[in-house]
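This is what each chain is made of:
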Amino acid sequence: MTYCAAIRLKDGLIFASDTRTNAGVDHISTFRKLYQYGVEGERFMALQTAGSLATSQAVFNKLQNDIDQRAESNINTVATLFDAAQMVGECMRNVMAHAQAVANDNNSSTFTSSFLLGGQIKGQEPELYMIYPEGNFIKATEDTPFFQLGEIKYGKPVLDRSVRYDTDINHATQALMLSFDSTIHSNLSVGMPIDFLIYQNDRLTLPKGRRIEADDEHFNKISRHWSEALRNTLVELPACPDDYWS
């Protein structure tokens, strides 16, 4: 299992993915699940994944190979983010179909992956898409500014209560960190390190990003502060009415 999330805000885009994969408690590994593509000054895109690691890596490799081989149509030459989402969806369908044929396995869920794709092309508005295993996709809106993949249920309440389209990008970043903190505390299949990427609208640069390790001082400070705030708030909540106990 994994957990990744992306947020489209008025001022920018935020992406975060854990790096843990496991095939049982005795086989836990670290793999990157957040990649970026682009051309400085012209476009930026980030691609995240959850699901079959083999399928996801095959998609990432195919997209990068097309760039390296200067294929006529690749993710760095498509005209729009919509076209890029279509490209990722088609690539995933092809990878899954090939894997099923080789394995002679009609159970498509064995090879399933999902993706989040976000970014900006010069002269266009930033966009964020969720791409389903079938290859179809939906676009984030002002009413629905964030998407999640994988083990979403523990971190979703934090984002639901705190993130809106016009939320300050720094505050949204902190909320996303707390979303991961809540998930990691509740599910051992999601774990450090976490890859973070923040993009400010219209910069059209490829951000360096940051990998948050288990001993990251800032992340741990936010985690402690959040836990203390929850405990303090619990004490301050109105007492239950007497008829609760009757």
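Above this text is the structure in question.
Now for a description of the structure that goes with this document. Note that the structure is predicted; figures quoted are calculated from it, not measured.

Thoughts on the overall build of the protein
- In terms of helices and strands, the protein carries 5 helices and 12 strands.
- The C-alpha atoms of the protein give a radius of gyration of 20 Å, which matches the 18 Å a tight globule of 246 residues would have.
- Taking the principal axes of its C-alpha atoms as reference, the protein extends roughly 70 × 45 × 35 Å.
- Residues counted as buried form 46% of the 246 residues belonging to the protein.
- For the protein, contacts bridging at least 24 residues in sequence account for 64% of all contacts bridging at least 6.
- Seen as two clouds, the 22 positive and the 31 negative side-chain charges of the protein have centres 3 Å apart.

Quick look at the packing of helix α4 (residues 169-186) against helix α5 (residues 217-236)
- Orientation of α4 relative to α5, taken along the N-to-C sense of each, is 75°, at an axis distance of 10 Å. Between α4 and α5, the crossing angle belongs to the class labelled roughly perpendicular. In contact with Gln174, Met177, Leu178, Asp181, Ser182 and His185 of α4, α5 contributes His218, Phe219, Ile222, Ser223 and Trp226.

Regarding the sheet that holds strand β12 (residues 210-212)
- Read across the sheet, 5 strands follow the order β10-β1-β2-β11-β12 without closing on themselves; strand pairing throughout is antiparallel. Both outer strands of the open sheet, β10 (146-150) and β12, are each paired with one neighbouring strand and no more. On average, adjacent strands in this sheet sit at an angle of 15° to one another, irrespective of strand direction.
- Against the sheet, α4 engages β1 (3-8), β2 (12-18), β10, β11 (194-200) and β12, with an angle of about 15° to β2.

Describing the side chain of serine 56
- Mapped onto the secondary structure, serine 56 falls in helix α1 (residues 53-68).
- Here the side chain of serine 56 touches serine 113 through a polar contact of 3.0 Å, side chain to side chain.
- The residues contacting serine 56, other than those within four sequence positions of it, are Thr49, Ser113 and Phe115.

Here's the deal with the pairing of strand β8 (residues 127-131)
- Counting buried residues along β8, 5 of its 5 residues qualify, which places the element largely inside the surrounding structure.
- Residue alternation in β8 divides its side chains into two sets, Glu127, Tyr129 and Ile131 and Leu128 and Met130, and both sets are buried.
- One ladder, built from 5 bridges, connects strand β7 (residues 113-121) with β8; its direction is antiparallel. Its bridge partner being in β8, leucine 117 is matched across the sheet by tyrosine 129.

Here's the deal with the packing of aromatic side chains
- Taken as a whole, this structure holds 8 aromatic pairs when the rule is applied.
- Ring geometry for tyrosine 3 and phenylalanine 180: centres 4.5 Å apart, planes at 40°, overall tilted. Taken together, the residues span a long stretch of sequence, with tyrosine 3 in strand β1 and phenylalanine 180 in helix α4 at a distance of 177 residues.
- The buried category is assigned to tyrosine 3, whose relative accessible area is 0%.

Parameters at a glance
- Residues numbered from 1 in each chain as written.
- Predicted model: local features only at pLDDT ≥ 70, side-chain atom pairs only at ≥ 80, totals over all residues.
- Heavy atoms only, no water.
- Helix = DSSP H or I, 4+ residues; strand = E, 2+ residues; numbered from the N terminus.
- Rg over C-alpha atoms; globule rule 2.2 N^0.38 Å.
- Buried < 20%, exposed > 50% of the residue type's maximum accessible area, 1.4 Å probe, protein only.
- Contact = heavy atoms within 4.5 Å.
- Lys, Arg positive; Asp, Glu negative; His and termini not counted.
- Charge placed at Lys NZ, Arg CZ, Asp CG, Glu CD.
- Axes fitted to C-alpha atoms, helices over the stretch in contact; angles between N-to-C directions.
- Parallel < 35°, antiparallel > 145°, perpendicular 65-115°, else oblique.
- Pairing = 2+ DSSP bridges.
- Polar contact = N/O pair within 3.5 Å; in protein donor to acceptor, adjacent residues only side chain to side chain.
- Phe/Tyr/Trp six-rings, centres within 6.5 Å; stacked < 30°, edge-to-face > 60°.

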